[in-house]
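Okay, here's what each chain looks like letter by letter:
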Amino acid sequence: MAIRSFLILFILFFFSSLNPILSLYEDQVGLVDWHQQYLGKVKQAVFHTHKTGRKRVVVSTEENVVALLDLRQGEIFWRHVLGSNDVIDGIDIALGKYVITLSSGGSILRAWNLPDGQMVWESSLRGPKHSKSLLLVPTNLKIEKDNIVIIFSNGRLNAVSCIDGEVLWEKDFEGESLEVQQVIQPPGSNLIYVVGFASSSLFEMYQINALNGELLKHESAAFSGGFLGEVSPVFSETVVALDSTGLILLTVSFQNGMISFQQTPISNLVKDSFGPAKIIPSSVTGIFAIKMNAVTIVIRVTDENKLEVVEKTNHETSISDALPVSEGQQAFALVQRAGPEIHLRVKLAHNWDDNLLKESVKMDQHRGLVHKIYINNYIRTDKSYGFRALIVMEDHSLLLLQQGEIVWSREDGLASIIDVTTSELPVERDGVSVAKVEHNLFEWLKGHMLKLKGTLMLASPQDIAAIQSMRLKNSEKSKMTRDHNGFRKLLIVLTRAGKLFALHTGDGHIVWSYLLQSLQKSKVCQHPIGLNLYKWQVPHHHAMDENPSVLVIGKCGPSSDAPGALSFVDTYTGKELSSLSLVHSVAQVIPLPYTDSTEQRLHLLIDADKHAHLYPKTPEAISIFERELSNIYWYSVEDDNGIIKGHALRGKCTGEVADEVCFDTRELWSIVFPSESEKIIATVTRKLNEVVHTQAKVIADQEVMYKYISRNLLFVATVALKGSGEIGSVTPEESWLVAYLIDTVTGRILHRVTHHGSQGPVHAVFSENWVVYHYFNLKAHRYEMSVIEIYDQSRADNKDVWKLVLGKHNLTSPISLYSRPDVITKSQSYFFTHSVKTIAVTSTTKGITSKQLLIGTIGDQVLALDKRFLDPRRTVNPTQAEKEEGIIPLTDSLPIIPQSYVTHALRVEGLRGIITVPAKLESTTLVFAHGVDLFFTQLAPSRTYDSLTDDFNYALLLITIVALVAAISLTWTLSERKELQENWR
Amino acid sequence: MAPIARLLLLALLSTALTISSGSGDGYTINGRVKIPQGLGTKGFALPGKTSNVKVILNGGQIVTYLRPDGYFLFQNIPAGTHLIEVTAIGYFFSPVRVDVSARNPGKVQAALTENRRGLSELVLEPLRDEQYYEIREPFSIMSVVKSPMGLMVGFMLVVVFLMPKLVENMDPEEMRRAQEEMRNQGVPSLASLLPGGGRN
């Protein structure tokens, strides 16, 4: 074993010194990597189908994406992921060629060219105060032949030219407590109505000339009952509101500048009232809906402002916006979920009783309820109207329905991944049949002959295309069984919608998906949040027949004491095994390094009251846990107060709780950072499952250094309070950054270093005995990366072989973190060009292969950087011995080699996280980057020294062997003959 | 808002004006990204296609896009020293340090952070283009010879054709002596193989 690893090390060194650059040929794209593009949950959709050309739809999403989709297949024509704080408030299409987006709380207005997504103009809108943001694109309102866009944002009404984004006029609404609710532009008129509430019981109406912003009329009327929530416009001069109790509907009419209220108690409309109602705004003339608990009531407003209930249903109902159809008529759609089907109805606004369309579509149970619907019409061949509906489901997926069929669907929930874990695939059980092998053998040979032709440059273009498609369509890689090298795995991802997906690492297809009921909105839990995914059961040794399962942890609501929820999901079948609603909250989850006899991993859940709860709740788990009770330590970070605390367990819960699995905790230590000078901005520890091959590091002159390897090291970065803002808000003198290495068992600070004139954000990664962190250096005005390596000095004497032989070493002496560690640290800093979003490090099965940092840059690319570039032993002029060891001469900045971008010419838009998983093959690591897009690839930081590459040409090998055998037999016969002749002579 | 629009117009006419005080709070940074035609457009970005270029202020505080003519604009920026990054697939841009001074508005202070080169006007050009793929070497006889199998064949050839030649060229007397020595010694000892070992 030792020899083998030495050999591996040698080969590794040989290869790594040969070529440190990881690189990819263009024709290798897609062989081991895949890239998927998503959008996020659609907030708004606008169809563009007027012309006879391509049918398209513009969407904006909760991931701040604006995109143009093909309505036939759902493909993306173009897409822009706006900045993370540039939330889209509204979109529309203007002039039939521009997409208008209003974002950043109504302060940025942009126009994009519809066909290609090029930005045409951008306007910044300011205003006196914060308010609702509303975007209106009137179709036939022109100022001097110039179409305008009406925007209400930040307390100001603006009219902006469609052509160049110039503000034509503006009007402030500075009333102290005025809250503008709606901006209404009656079609065909040059008037704009701005309606809102002031001081909670005053209804205000402003009539404005749309051509110049002149205030024509201002009326206000008091209503003693006050107002609640939103208003819904029902006619161009009538809105519906609720009084402050939520029990009385108010029809507010402001025709001819006269405001009149008409009260209708909800109890008059429906017999059994269910408490306060909520208005669901709709743009349909004469129709609006209210919601009381789970009951949705659709109400029609007659011409005399009378209210009439037209539908009352227990099903969750979504209503589309109004769609103008012929001669001033409006159509709208209602959609409901009932069991395995969804019911879609399209009606005319003034004719409730007839349906233009009534369809039922079978829908996967795991898509949940329908959240939104957008409709569009087309003219059928028989001149009648047909409707297509774009629906957004509870799991954030986007589907197009037409003629009772799902035309296409997009799994856009995958754009908001919360957590990722992996699972092994099942082991292949039965052998493959002989016929299949023979077929494969022939194909195999044919394939390799083609490849040989390719390498010898004899292949025709068709052959080259055949080779490429053969490589890409390799059926091996998407097989549903475990492979020898461990490349095929399942990526289990938890999305914000509370849905679990299993993605195959081979080609990224969805193996199964499951909408977790525990993370869905329910009566008990109004705002469930998914938190984490853990490996619950990993079958191993004696529990081989069990399926692996994952633990999903969620909580009910954003507050820290919200009760938690657990789900256990089988990763082979994708079915929920069980779920638990907890009585306690979940503040922290600690996967323990112990498993029970069925290979279930023990997890400790810490609640907000600092009680520890053990899962699984079995007597066996408790007995295992009680044995290790005194060895369990953890820490907690309170970044608001600047305190880091260490904790240990005390014993079973005392008090009223008769819970077997509840344990009391005690505080061991705490570090309090001075709140006026230091603010915690980053904490990083080592990955729990990281494997370190050896503690010893042999350096150039046959010296040995011992890495200080402890699972209980924590890296903490703090900045000066002033420097915690954005770059440019602080001068170098008043900002500093302090990096700490803290032992989390004793609370001892092992290392502390101050970077003067530096500030955050800090992104860090901790692995083995080193930490690398990225921050901003204000003096040089560049980003910097620093490395700290920590070495154990107490073992430094163990380099004498004789000591090792005679057993006079201290390698086997027990390590206790309570003994004072004798450590030294080495560190170095380098400039780095780009801003960074996230940093990860490669991980391999045995930890032998050298490491690479995976840096997610601001450009949404992932750069692989050899750890050797971040070695504190780098010097400007390394000695010969150091050069042999592989030390790179010191440069002031880290190199950015384009070929070492893992994502090559692709972008992982909205990059949020990078996960690395070791393959079974030591040289290879699997990398999964997620954001709005997903990207997966295999990486060999020191090249694949332990396996033949995909490019290896078996045919060439065969030919060489055949040629050698032929040559041997030929020379043998020749020599025989020569010998015979010599004997005759 | 009108002053900004006018400033924009001004900036379109003359690129020299980079930073100007906008209306109300904050300043405006106005610049241009210029991607030279014909520079490394190997399939990543069409020449002149600017719709996928993002301009980022202070590591993500504000993200903006380019107009068709390559101009970009950051509005309502507080005074201070800021960092502008340009991301475009296929090109390497240096981040730019921009000083927005409250005392003398309109003064241009911009420098590339990579090579500390000052900019007289905020026109950002890529330092180099980025080639993400290795270029496949065309087939050559040397690559076959250098491959492990080529070396194997080469070694075989050496053994087969050159070794007999070496044996032939040896002096027959010397050959006989060597053979005798071999016979005398029986098992070849390690010492005799070492240089200088045969002297005694």
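Thresholds applied
- Sequence positions are assigned chain by chain, starting from 1 and proceeding in written order.
- As they are written, the chains are lettered A onward and the ligands numbered 1 onward, keeping that order.
- A pLDDT threshold of at least 70 governs which residues receive local features in this predicted model, and a stricter bar of 80 or more applies before side-chain atom pairs are shown or counted, although totals over entire chains, interfaces and linings include all residues.
- Water and hydrogen atoms play no part in the side-chain values, which are based on all heavy atoms of the structure.
- An automatic or database domain assignment is the source of the domain bounds shown.
- Whether two residues touch is decided by their heavy atoms; if any such pair falls within 4.5 Å, the residues are in contact.
- Buried area adds together the accessible area that both of two parts lose upon being put together, with accessible area traced by a 1.4 Å probe.
- Any carboxyl oxygen of Asp or Glu within 4 Å of a side-chain nitrogen of Lys or Arg constitutes a salt bridge here.
- Here a polar contact is recorded for every N or O atom pair within 3.5 Å, except that within protein the pair must consist of a potential hydrogen donor and a potential acceptor, and residues adjacent in sequence are included only if both atoms are side-chain atoms.
- Put simply, DSSP marks the helices as runs of H or I at least four residues long and the strands as runs of E at least two long, and each gets a number from the N terminus on.
- Relative accessibility under 20% of the residue-type maximum defines a buried residue, over 50% an exposed one, and the middle range a partly exposed one, all with a 1.4 Å probe and only protein chains included.
- Here, the term disulfide refers to a pair of cysteine sulfur atoms separated by no more than 2.5 Å.
- Think of a 1 Å grid over just the protein atoms. A cavity is a set of points where a 1.4 Å probe fits yet cannot get out, a pocket is an open set with protein on both sides within 12 Å along at least five of seven lines, and lining residues have an atom within 4 Å of a point.
- Grid points are joined across faces, edges and corners, and a volume is the space filled by probe spheres set on the points.
- Gly counts as polar in this scheme, as do all residues outside two lists: the nonpolar Ala, Val, Leu, Ile, Met, Phe, Trp, Tyr, Cys and Pro, and the charged Asp, Glu, Lys and Arg.
- Two strands make a pair as long as DSSP finds a minimum of two bridges between them.

Student: Any details on the domain arrangement of chain A? Residues and values, ideally.
Tutor: All names here are of chain A. What the domain assignment lists for chain A is domain 1 (315-410), domain 2 (414-425 + 480-584), domain 3 (587-672) and domain 4 (680-832). Facing 12 residues of domain 3, the contacting portion of domain 4 comprises 14 residues. Area buried by domain 3 at its contact with domain 4 is led by Y633, Y635 and W669, which between them contribute 48% of it. Across the domain 3-domain 4 interface, the total number found is zero salt bridges. In this assembly, domain 3 and domain 4 are joined by two residue pairs in polar contact (both at pLDDT 80 or more).

Student: Could you give an account of the pattern of salt bridges, with specific residues and numbers?
Tutor: Residue and element names in this part refer to chain A. Considering all chains together, one arrives at 37 salt bridges over all chains under this definition. Salt-bridge contacts for K499 lead to D395; the nearest nitrogen and oxygen are separated by 2.5 Å. Here K499, found in strand β38 (residues 499-504), pairs with D395, found in the loop between β33 (385-393) and β34 (398-402); they are 104 residues apart in sequence, far enough to count as distant. Under the relative-accessibility criterion, D395 is labelled buried at 0%.

Student: Before we move on, could you go through the state of the cysteines and cite the residues and values that matter?
Tutor: Residues and elements named next belong to chain A. Considering all chains together, one arrives at two disulfides over all chains under this definition. One disulfide in the model links C525 with C556; its S-S distance is 1.9 Å. Here the residue C525 occupies a position in the loop between β39 (510-515) and β40 (528-537), and C556 occupies one in strand β41 (residues 549-556), the gap between them amounting to 31 residues. Overall, C556 belongs to the buried group, its relative accessible area being 18%. Counting only the cysteines that form disulfides, in the order they appear in chain A, gives the pairing 1-2, 3-4.

Student: Which residues make up empty space enclosed by the protein, and what values do they have?
Tutor: Going through the model one piece at a time under the given rule, you end up with four cavities of 30 Å³ or more. When its volume is computed, the largest cavity comes out at roughly 110 Å³. Forming the boundary of the largest cavity are 15 residues, of which H834 and Q861 of chain A together with V86, T87 and Y91 of chain B lie nearest the centre. Within the residue set of the lining of the largest cavity, elements represented by two or more residues are β6 (80-87) and β7 (91-92) of chain B. Partitioned by chemical class, the residues of the lining of the largest cavity number eight nonpolar, five polar and two charged.

Student: Go over the pairing of β6 of chain B, please, and point to the residues and values.
Tutor: Residue and element names in this part refer to chain B. β6 sits mainly inside the fold: six of its eight residues count as buried. Bridging between strand β3 (residues 54-57) and β6 involves four bridges; their strand directions are antiparallel. Note on β6: the bridge partner recorded for L57 is I84. Inspection of the sheet shows β6 paired to strand β8 (residues 96-100) by five bridges, in the antiparallel sense. When the sheet's bridge partners are listed, H82 is paired in β8 with V98.

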